[in-house]
Amino acid sequence: MYQKPYPEYIDEQNLFPLNFKKSAFPTFSGEDCNVFPRDHIFKFSNYYVAFEDNPNYKLRLFGNSLVGLSSQWYSLL
């Protein structure tokens, strides 16, 4: 069973704005040895820089940028 690696209150108290549209950000699987996790996190953070005033938005979106093994790892945190 999938469990988010952050408390439930973050989803409950940090609703996205009404006009928010989730954009297509490149995913990270962890299987390509030429793409490093640190680079993915850096690019993700820069991509969603508009949410710097509410980092919980970025926290909620980050899991969607992971697939495969990295998604499995994230769900086990």
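Residues numbered from 1 in each chain as written. Predicted model: local features only at pLDDT ≥ 70, side-chain atom pairs only at ≥ 80, totals over all residues. Heavy atoms only, no water.

**Here's the deal with the packing of aromatic side chains**
And step 1. Across all of its chains, the model carries 13 aromatic pairs by this definition.
And step 2. Taking the centre distance of 5.1 Å and the plane angle of 25° together, the rings of Phe16 and Tyr57 count as stacked. Taken together, the residues span a long stretch of sequence, with Phe16 in the loop between helix H1 (8-13) and helix H2 (37-47) and Tyr57 in helix H3 (residues 55-62) at a distance of 41 residues.
And step 3. Among the residues examined, Phe16 registers a relative accessible area of 23% and is labelled partly exposed.
And step 4. With a centroid separation of 6.3 Å and an interplanar angle of 45°, the aromatic rings of Phe25 and Tyr48 are classed as tilted. Taken together, the positions of Phe25 in the loop between H1 and H2 and Tyr48 in the loop between H2 and H3 put the pair 23 residues apart, joining distant regions of the chain.
And step 5. Judged by relative accessible area, Phe25 falls into the buried class, the value being 14%.
And step 6. Overall, the relative accessible area of 7% leaves Tyr48 in the buried class.
And step 7. Taken together, the ring pairs connect Phe16, Phe20, Phe25, Phe44, Tyr47, Tyr48, Phe51, Tyr57, Phe62, Trp73 and Tyr74 into an aromatic cluster. (Phe/Tyr/Trp six-rings, centres within 6.5 Å; stacked < 30°, edge-to-face > 60°. Helix = DSSP H or I, 4+ residues; strand = E, 2+ residues; numbered from the N terminus. Buried < 20%, exposed > 50% of the residue type's maximum accessible area, 1.4 Å probe, protein only.)

**Considering the nonpolar core**
And step 1. Counting residues in each nonpolar core, the largest one holds twelve residues, listed as Tyr6, Ile10, Phe25, Phe28, Phe44, Tyr48, Phe51, Tyr57, Leu61, Phe62, Leu66 and Tyr74.
And step 2. No other element matches H3, which puts three residues into this core.
And step 3. Each residue touching Phe44, except ones within four places of it in the same chain, is listed here: Phe25, Lys58, Leu61, Phe62 and Ser65. (Core = buried A, V, L, I, M, F, W, Y, C linked by side-chain atoms within 4.5 Å. Contact = heavy atoms within 4.5 Å.)

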